[in-house]
Amino acid sequence: MLNERVLPLIATIVVFVLLYGYGIYEYKGFRDTLVFTNLLTDNAFLIVTAVGMSFVIISGGIDLSVGSMIAFIGVLLAYLISGLGIHPVFAAVIALCVATFFGTMMGVIIAYFDIQPFIVTLAGLFLFRGLAYLINLDSVPIDHSFLVTLAEIYVPLPGRGGLTFIAMAMIVLLVIGMVVAKRTRFGLNVYAIGGDKQSASLLGVPVNRTLVKIYALSGFYSGAAGIVFAIYTGSGYPLAAVGVELDAIAAVVIGGTLLTGGVGFVVGAFLGALIQGIIQTLIIFDGTLNSWWTKVAIGVLLLLFILMQKGIVHFTKRYTEKSVKPEPEAVPVTKAA
Amino acid sequence: MQFVSKPRPDAKTLAPVISLFVLIMGTSLVTPGFLDISIVDGHIYGSLVDIVHRATPMLLVAVGMAIVIGTKGIDLSVGSIIAISGAVTAVLTVNTEWLPFVVMGCALLAGMACGLWNGLLVTVFGIQPIVATLILMVAGRGIAQMITGGQIVTFHSEFFNAIGNGFFAGLPLRVVLAIVIVVATALVLRKTALGLFFESVGANAESSRLMGIDSRMLILIAYVFSGFCSAMAGIILAADIRGADANNAGLWLELDAILAVVIAGASLSGGRIYLGLTVIGALIIQTLTTAILTSGLPAQYNLIVKASIVLLVLLIQSSRTRDFVKSRLMLARRSSHVE
Amino acid sequence: MTDQNNPPLLSIEGVHKSFPGVRALDNVSLTLNAGEIHALLGENGAGKSTLIKVLTGIYVKDSGSLVMDGKPVHIHDSLDAQKHGIRTVYQEINLIPTMTVAENLTLLDQPKRMGLISWRSAESRAREMLRRVGLDIDLRSQLDSHSVAIQQMVAIARALGSKARILILDEPTASLDSQEIARLFELMRQLKSEGMGIIFVTHFLDQVYDISDTISVLRNGCHVGTFKTEALSRSDLVSHMLGKDLDTLHHEQSDSSLEHGNRQRILSLKQVGRRNMLNPLDLDLHQGEVVGLAGLLGSGRTEVCQLAFGAKRPDQGRKSWLGTEVSINTPKQAIAQGMAYCPEDRKHHGIVAELSVRENLILALQSARGWWSPMPMSEQKAIVDEFIQRLNIKTPHMEKPIGELSGGNQQKVILARWLITQPKLLILDEPTRGIDVGAHHEIIQIIKDLCGEGMSLLVASSEVEEIVAFAHRVAVMRDRTKVAEVSGDRISQKSIIQAIAQ
C-alpha cells in the first residue's frame with residue numbers, strides 16, 4: 001500500500017541503496033559482507049539511541065540528552081565493573097535502571113509541568129555530562145572476563161562478514177522497538193499524540209502518562225546505547241559521544257520520520273544511522289576526502305529530508321484547512337443583564 | 001488624572017539582579033580577594049573583571065538569542081556559527097594580506113549569512129525554529145572544518161591579539177566591544193519601534209499581521225542579528241586562543257546562552273526581550289562557573305549546577321506550578337474560612 | 001408524553017452549571033426519545049456547548065439530574081458518558097489526521113493476540129464499523145487523505161462503535177458541501193430508524209427543517225423552549241433564538257437615516273468572495289455611514305469583515321476605494337488605504353496579551369509609521385492618556401499587561417488602537433461580545449460619535465437590537481450569502497429577523 005507516509009521511507013531506502021551501490025561499484029572491498037557487518041557493529045550504539053529517539057520524535061518531542069546519557073552510563077558501568085567489581089550483567093541492569101529513572105524524571109517534568117522537551121532535555125544534557133565527570137574524569141578501561149567472552153561471540157556470515165555480540169544486541173533492541181511501535185497500544189498512542197495531541201487527549205489517550213513512558217523509553221534506549229558503546233570501546237569516558245544526540249536526530253529524520261511528529265517508522269532510524277555510517281565508510285575508502293565531509297553531507301541530507309517532508313505535507317493536504325480550534329470554553333462574561 | 005507610566009520594578013525583574021549580587025557576595029566570603037580590583041599599568045585586573053572578560057562571548061550570543069527567543073524562535077546553531085566565523089578569521093588572516101578590519105568584516109558577514117539561512121528556513125519554508133537551526137548545528141562544524149582544512153589554524157595578528165586580550169581605556173577591549181554592541185542593540189530596540197515589533201510578533205503573530213506588521217522580515221532580521229552576535233563571539237574566541245578550533249569552539253555555548261535568557265525571565269514562548277537582564281543572566285552563569293573553579297569544588301559540578309538552575313527556573317516559571325500553588329493557597333484559605 | 005412503560009431515552013432535568021461570573025446553564029430541561037433527531041439551537045454563549053460538555057462528562061453539572069431509561073445516571077468523566085452509550089462527534093474532527101483509518105477506528109481498543117495488537121482482526125473490526133455508516137474506503141489509507149466529509153463519517157463510525165445509544169453531533173456540517181451534507185443526513189435518518197437518539201447542533205436553519213423532529217432553543221444559558229419542528233415557523237424560531245418577540249416589535253425602528261445620494265463612496269466590494277467561505281457579494285460603504293451586518297452565527301458576517309479588510313485573501317471579485325479600483329489583499333494594504341479592523345476573536349487576533357496597554361494602543365499607528373520613526377515616549381503617553389480618558393478605559397496604569405484587563409476594557413483599547421490611526425473606514429466584528437452592560441453602552445455610544453465625525457463603519461453583530469440602534473443600512477447574511485439589504489426607515493428588528501428567517 002503506497003501512501004504519503006511511506007514516501008520518505010522509500011526515499012531513505014533509495015538513498016541507502018544508491019550509496020551502497022556506489023560503494024560496490026567503486027570499491028572492491030565494498031562487495032564483502034564484512035563492510036556491512038562492520039557498519040552494524042560500528043553504528044550499533046547510534047542505532048540503539050536512534051530507536052529510542054524515534055519514539056520521542058514521533059510523539060512530537062525531542063531528546064537532546066542522549067549523548068550525555070551514553071557517556072554517563074559508560075562511566076557508571078566502568079565504575080561498577082572495574083571500581084566496585086560488580087559482575088557486568090548486574091552492572092548493566094543497574095545502569096539501565098538508572099538511565100530509565102532519569103528518562104522518567106525528564107518525562108515527568110515535560111508532561112506534568114508542560115515545559116518544552118528541548119529545554120528539559122537540554123538540562124538533562126548538562127546534568128548527565130556533569131554526573132559522568134563526577135564519577136570519573138578520565139577514561140577508565142572496563143576489564144572483565146565475561147566481557148572478553150562476549151567479545152569472542154562472532155557468527156560468521158558468507159563473504160568474510162560476521163555478527164558481533166553488540167550487533168546482535170542492537171538488532172534485538174531494534175526489533176523490540178519496531179514491535180512496540182506498531183503492535184502495542186502504547187506505540188499507537190505515541191503516534192496519536194504526535195499526530196494531534198489535543199484530539200488524542202479527547203479520544204481518551206492518557207497523554208501525560210504516555211509522555212512519561214516515552215522519555216523513560218528513550219532513557220532506557222540511550223542507556224542501552226551507553227552499554228553498547230562501553231563494550232565497543234572497552235572503556236568508559238566522560239567526554240564520549242559528544243554530539244551523538246544530533247547524529248541520532250539526523251538518523252531518525254533521514255529515516256523518514258516527520259520531525260513534527262505523528263509519522264515515522266522505527267526501522268527508518270536503523271536505515272538513517274546506516275546511511276551516516278556508509279557516508280563515513282565511503283569517505284574512508286576514498287582516502288582523499290576529509291572526515292568533515294561526513295558532517296556536511298549529513299547536514300545536506302537532513303535539509304533535503306526536512307524540505308521533502310514539508311513538500312509532502314504541503315501537497316498532500318487534500319482536506320480543507322482545519323479551522324482554528326476554539327478554546328476549551330469561550331465563557332461569556334456577564335451577558336446576563 | 002495621573003497615570004503611573006512606569007510601575008515599580010517587580011520581583012521578576014529584581015530576582016536575577018539580587019541573585020547575581022548574592023552570588024558575588026557569597027563567593028567573596030568563600031574566596032578571599034574575590035572583590036579585589038587592582039590597577040596595573042593602567043589596566044584593571046581582578047576576579048570580577050576576569051568574570052566579565054570571560055563572559056563576553058557567551059554574553060554576545062545570549063543577546064542575539066534573547067531577540068530570537070523574543071520572536072518565539074530559538075537558535076541552536078550559534079555554536080556552529082562561532083566555529084565558522086572563527087575559521088574564517090583564522091584562515092583569512094593566515095592566507096591573505098587583507099587588513100584585519102576586512103577579515104573581521106568577512107567573518108561577521110559569514111555569521112550573518114548563516115543567520116539569513118536560518119531565517120529563510122523559518123520564514124519562507126515555515127520550518128519550526130528548533131528544526132531549522134538544527135540543520136546548521138549539524139552541518140556547521142563540518143563547514144568550519146572545511147574552511148580550516150580540518151586543522152587547528154593558528155595565527156598571529158596584533159589586531160586580533162588586541163581583541164582577544166588587549167585593553168582599551170583601562171578595560172579589556174573585548175569587554176568594551178561587548179558593551180558597545182549591547183548598548184547599540186538596546187538603543188536600536190528601544191529608540192526605534194523594532195523592539196516593540198519583535199515582542200508583538202513573538203507574543204501574537206496573528207494580531208501583529210492584522211496590524212500590518214511584517215513578521216517575516218522581523219523574524220529574518222532576528223536570525224541575522226543572532227548570526228552577527230555569534231560571529232562576533234567567534235572572532236573573540238578565536239582571537240583569544242589565537243587560533244580556530246572548528247571542533248570545540250563555542251561548544252555548548254548555545255546552552256549557556258539559552259540559560260542566560262531563561263534566567264532573565266523571558267518566556268520561551270516569546271513576547272518579551274529583556275536585554276539588560278539577559279546580560280545579568282550571562283554574568284550569573286559566568287560567576288557561577290568562576291566561583292566553582294575558585295572555591296576549590298571540582299569543575300565538574302559546574303554542569304550539574306547549571307542544569308539544576310535551568311530546571312529550577314523553568315519549574316518556577318511553569319504555569320502549571322503557579323496554578324498548583326494558587327489552588328493550594330485557595331484551598332488553605334477556604335479551609336481556614338470554614339474554621 | 002412519557003408514559004411509564006416507555007420512558008424517554010434521556011431526560012435532562014433542571015441542570016445548572018456556573019463558571020466564575022457566569023451562569024452558563026440555568027435550569028435547563030430537555031427530553032430526547034429513541035429514534036428522534038433533536039436540533040439544539042442558540043447563538044454564541046447560549047449554553048449549547050456547555051450542555052454538550054455536561055452530557056459528555058467534560059464538565060460536571062452543579063445541580064439537576066440526568067435520567068436515562070427512567071433511571072438516574074451520574075456522569076463524572078468522559079468514560080462514564082461512554083459507558084452509558086453517549087457518543088459525540090465534534091465539528092473539528094477529533095481524530096488523528098496522520099494515522100490510518102483503521103488505526104483511528106481502533107485506537108485504545110485494539111484487539112490483541114498474545115499481548116500484541118492483531119492488525120488482521122483490528123481491520124476486520126474497523127471494516128465492520130465503516131459498514132455501519134455505509135462507507136467503503138481503504139482502511140490503510142491515511143485519514144487526512146480523505147475529504148472532511150469522509151473524515152466526519154469515520155468519526156461517526158468510531159463514535160457509534162458498540163452500544164452507542166445517543167449520538168451528539170456538534171456542528172457536523174459546518175465545513176461540508178451540499179452533497180456531503182445529503183450523505184450525512186441519509187446516515188442520520190438510517191440511525192434514527194435504528195432507534196438512536198440524535199442531538200444535532202447547527203447554525204443552518206435549512207438543515208434544521210430538513211432533518212430534525214424536535215427543536216430546542218437555548219439563550220443565555222436558559223432553555224427557551226422545545227418545539228415540534230413542523231409546528232414552528234422560521235420567524236418564530238429566529239425570534240426565540242434572538243430573544244425578540246416579533247409582535248412587540250412593531251414600530252421599534254431605527255432612528256438613524258442617512259441621505260447618501262451625494263456622499264462619497266469609501267469602499268465598494270464587487271462580487272467579492274472566497275470558496276468555502278463566502279459567496280460573492282456586492283457591498284458599498286459611504287462616508288459617515290454605519291452599515292450593519294446581521295445574521296445568525298456562521299452566516300458569513302465575520303467572513304465579510306475578513307475579506308473586506310484583507311485579513312483573509314478573497315479569491316474573486318474587485319474592490320474600489322474612493323472610486324478607484326485598488327487591490328486590498330493584505331491587512332497592510334488595507335491599513336495603508338485608511339482601513340481599520342477590530343476582529344471578533346479578541347484574544348487570538350486582537351490583543352497582544354503580554355504587552356502593556358500603552359504598547360497595545362500605539363502598535364497599529366507605529367506599524368503604519370514604520371519601525372524607523374518611533375513615536376517619542378511623551379507623544380505616546382499623551383495619546384494613551386487621552387484615549388484612556390476619552391474611552392473611559394479602566395486600568396491602574398498604562399504599563400499593565402493588557403491580558404490582565406477585563407474584556408470590555410480590552411475591547412476599548414483595541415478600538416483606541418485603531419482610532420488613533422484616524423481611519424476612514426472602521427470594521428468592527430462583534431464589538432460588544434463578552435462585554436459587561438456598562439461598557440456595552442459606552443461602545444455603542446462611541447460608534448455613534450465616530451459616525452457623527454464622518455467615519456464610516458462596518459459593524460457585524462449578532463445583536464439585532466444593537467444593529468437597529470446605530471445602522472443606517474443593514475446587510476443581512478444567511479448561509480454565507482448576502483440575502484437582503486435594508487436601509488433607512490425600513491430598518492427594524494422585525495424586518496431584519498424576517499430577512500434572516502425568510
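What counts, and where the lines are drawn
Residues numbered from 1 in each chain as written. Chains lettered and ligands numbered in written order. Predicted model: local features only at pLDDT ≥ 70, side-chain atom pairs only at ≥ 80, totals over all residues. Heavy atoms only, no water. UniProt positions renumbered as here; feature names shortened; annotations may be inferred. Helix = DSSP H or I, 4+ residues; strand = E, 2+ residues; numbered from the N terminus. Rg over C-alpha atoms; globule rule 2.2 N^0.38 Å. Buried < 20%, exposed > 50% of the residue type's maximum accessible area, 1.4 Å probe, protein only. Contact = heavy atoms within 4.5 Å. Areas by Shrake-Rupley, 256 points an atom, 1.4 Å probe, with all protein chains shown as cover. Lys, Arg positive; Asp, Glu negative; His and termini not counted. Charge placed at Lys NZ, Arg CZ, Asp CG, Glu CD. Pairing = 2+ DSSP bridges. Axes fitted to C-alpha atoms, helices over the stretch in contact; angles between N-to-C directions. Domains from an automatic or database assignment. Buried area = accessible area lost by both parts, 1.4 Å probe. Salt bridge = Lys/Arg side-chain N within 4 Å of Asp/Glu carboxyl O. Polar contact = N/O pair within 3.5 Å; in protein donor to acceptor, adjacent residues only side chain to side chain. Patch = residues over 30% accessible without salt bridge, like charges linked within 9 Å, V, L, I, M, F, W, Y side chains within 5 Å. Core = buried A, V, L, I, M, F, W, Y, C linked by side-chain atoms within 4.5 Å.

- Identification of chain C as ABC transporter ATP-binding protein from Saccharospirillum salsuginis is taken from an unreviewed UniProt entry.

- As recorded by an unreviewed UniProt entry, chain B carries the name Sugar ABC transporter permease and is attributed to Saccharospirillum salsuginis.
- If you open the UniProt record of chain B and go to Subcellular location (unreviewed entry), you find "Cell inner membrane".

### Some words on the overall build of chain C
Here's step 1: Counting its regular elements, chain C contains 17 helices and 22 strands.
Here's step 2: Its C-alpha atoms give chain C a radius of gyration of 25 Å, near enough to 23 Å, the size a compact globule of 502 residues would have.
Here's step 3: Across its three principal axes, chain C shows a C-alpha extent of roughly 75 × 55 × 45 Å.
Here's step 4: In chain C, buried positions account for 59% of the 502 residues.
Here's step 5: A sequence separation of at least 24 residues applies to 67% of the contacts in chain C between residues at least 6 apart.
Here's step 6: Total accessible area on chain C stands at roughly 19800 Å², and carbon and sulfur atoms take up 47% of it.
Here's step 7: One finds the centroid of the 56 positive side-chain charges in chain C at a distance of 5 Å from the centroid of its 60 negative side-chain charges.

### Overview of the sheet that holds strand E14 (residues 278-286) of chain C
All names here are of chain C.
Here's step 1: A sheet is described by the order of its strands in space; here four strands give the open sequence E14-E13-E16-E17, paired in antiparallel fashion. Either end of the sheet is taken by a strand with one partner, and the two such strands are E14 and strand E17 (324-326). Adjacent strand axes in the sheet meet at a mean angle of 20 degrees, parallel and antiparallel pairs treated alike.

### A closer look at the side chain of Thr 49 of chain A
Residue and element names in this part refer to chain A.
Here's step 1: Relative to the helices and strands, Thr 49 is located in helix H3 (residues 44-58).
Here's step 2: For Thr 49, a relative accessible area of 1% corresponds to the buried category.
Here's step 3: In contact with Thr 49, not counting residues within four places along its chain, are Val 66, Ile 70, Ser 222, Ala 225 and Ala 248.

### Observations regarding the domain arrangement of chain B
Residues and elements named next belong to chain B.
Here's step 1: Domains assigned within chain B are domain 1 (46-297) and domain 2 (299-339).
Here's step 2: Taken over C-alpha atoms, the centre of domain 1 sits 32 Å from the centre of domain 2.
Here's step 3: With 14 residues of domain 1 at the contact, the number on the domain 2 side is eleven residues.
Here's step 4: Summed over both sides, the interface of domain 1 with domain 2 buries roughly 1100 Å², with 76% coming from carbon and sulfur.
Here's step 5: On the domain 1 side of the interface with domain 2, the three residues burying the most area are Leu 259, Val 262 and Ile 292, jointly 39% of the side's total.

### Quick word on the interface of chain B and chain C
Here's step 1: Contact with chain B, which involves 26 residues of that partner, is made by 37 residues of chain C.
Here's step 2: For the interface between chain B and chain C, the tally reads one salt bridge.
Here's step 3: Between Glu 359 of chain C and Arg 272 of chain B there is a salt bridge, with the nearest N and O atoms lying 3.0 Å from each other.
Here's step 4: Put simply, chain B and chain C have ten residue pairs in polar contact (both at pLDDT 80 or more) between them.
Here's step 5: Mapped by element, the contributors of at least two residues to the side of chain B that touches chain C are helix H8 (194-203) and helix H9 (205-210) of chain B.
Here's step 6: Broken down by element, the side of chain B that touches chain C gets its largest block of residues, six residues, from H8 of chain B.

### Regarding the pairing of strand E11 (residues 214-219) of chain C
Residues and elements named next belong to chain C.
Here's step 1: Counting buried residues along E11, five of its six residues qualify, which places the element largely inside the surrounding structure.
Here's step 2: With six bridges joining them, E11 and strand E12 (residues 222-228) adopt antiparallel strand pairing. Across the sheet, the residue bridging to Leu 218 is His 223, located in E12.
Here's step 3: Connecting E11 to the antiparallel partner E12 that follows it, the hairpin turn spans two residues, and Asn 220 within it adopts a positive phi of roughly 50 degrees.

### Thoughts on the environment of Asp 345 of chain C
Residues and elements named next belong to chain C.
Here's step 1: With respect to the element layout, Asp 345 can be found in the loop between strand E18 (339-342) and helix H11 (346-350).
Here's step 2: The sequence separation of Asp 345 and Thr 302 amounts to 43 residues, and the corresponding C-alpha distance is 10.0 Å.
Here's step 3: Among the polar contacts listed, one links the side chain of Asp 345 to the side chain of His 348, at a separation of 3.0 Å.

### Looking at a nonpolar patch on the surface
Here's step 1: There is a patch of nonpolar side chains on the surface, built from Leu 14, Ile 18, Phe 21, Val 22, Met 25 and Leu 35 of chain B and spanning about 520 Å² of accessible area.
Here's step 2: Along the chain, Leu 35 of chain B falls in the loop between helix H1 (11-30) and strand E1 (37-40).

### What about the nonpolar core?
Here's step 1: Counting residues in hydrophobic clusters, the biggest one holds 344 residues, and the most contacted among them are Ile 119 of chain A together with Leu 426 and Ile 496 of chain C.
Here's step 2: With 13 residues, helix H11 (residues 207-233) of chain A is the single largest residue contributor to this core.
Here's step 3: When residues of this core are assigned to domains, at least three fall in each of domain 1 (46-297) and domain 2 (299-339) of chain B.
Here's step 4: Counting residues in each nonpolar core, the second largest holds 32 residues, with Ala 107, Ala 231, Ala 239 and Ala 244 of chain B among its members.

### A short note on the environment of Gly 119 of chain B
Residue and element names in this part refer to chain B.
Here's step 1: Its place among the elements puts Gly 119 in helix H4 (residues 100-123).
Here's step 2: Assessed through its relative accessible area of 0%, Gly 119 is described here as buried.
Here's step 3: A C-alpha to C-alpha distance of 18 Å links Gly 119 and Ser 200, two positions 81 residues apart in sequence.
Here's step 4: Residues contacting Gly 119, with those up to four places away along its chain left out, are Val 124, Leu 220 and Tyr 223.

### Overview of the pattern of salt bridges
Here's step 1: In total, this model carries 30 salt bridges over all chains according to the counting rule given.
Here's step 2: Residues Asp 69 of chain C and Arg 165 of chain C are paired through a salt bridge, measuring 2.6 Å at the closest nitrogen-oxygen approach. One end of the pair, Asp 69 of chain C, is in the loop between strand E4 (63-68) and strand E5 (71-73); the other, Arg 165 of chain C, is in the loop between helix H5 (148-160) and strand E9 (166-170), with 96 residues separating them in the sequence.
Here's step 3: For Asp 69 of chain C, a relative accessible area of 29% translates into the label partly exposed.
Here's step 4: Of the residues examined, Arg 165 of chain C reaches a relative accessible area of 32% and is grouped as partly exposed.
Here's step 5: Salt bridges sharing common partners tie together Arg 190, Glu 199 and Arg 272 of chain B together with Glu 359 of chain C.

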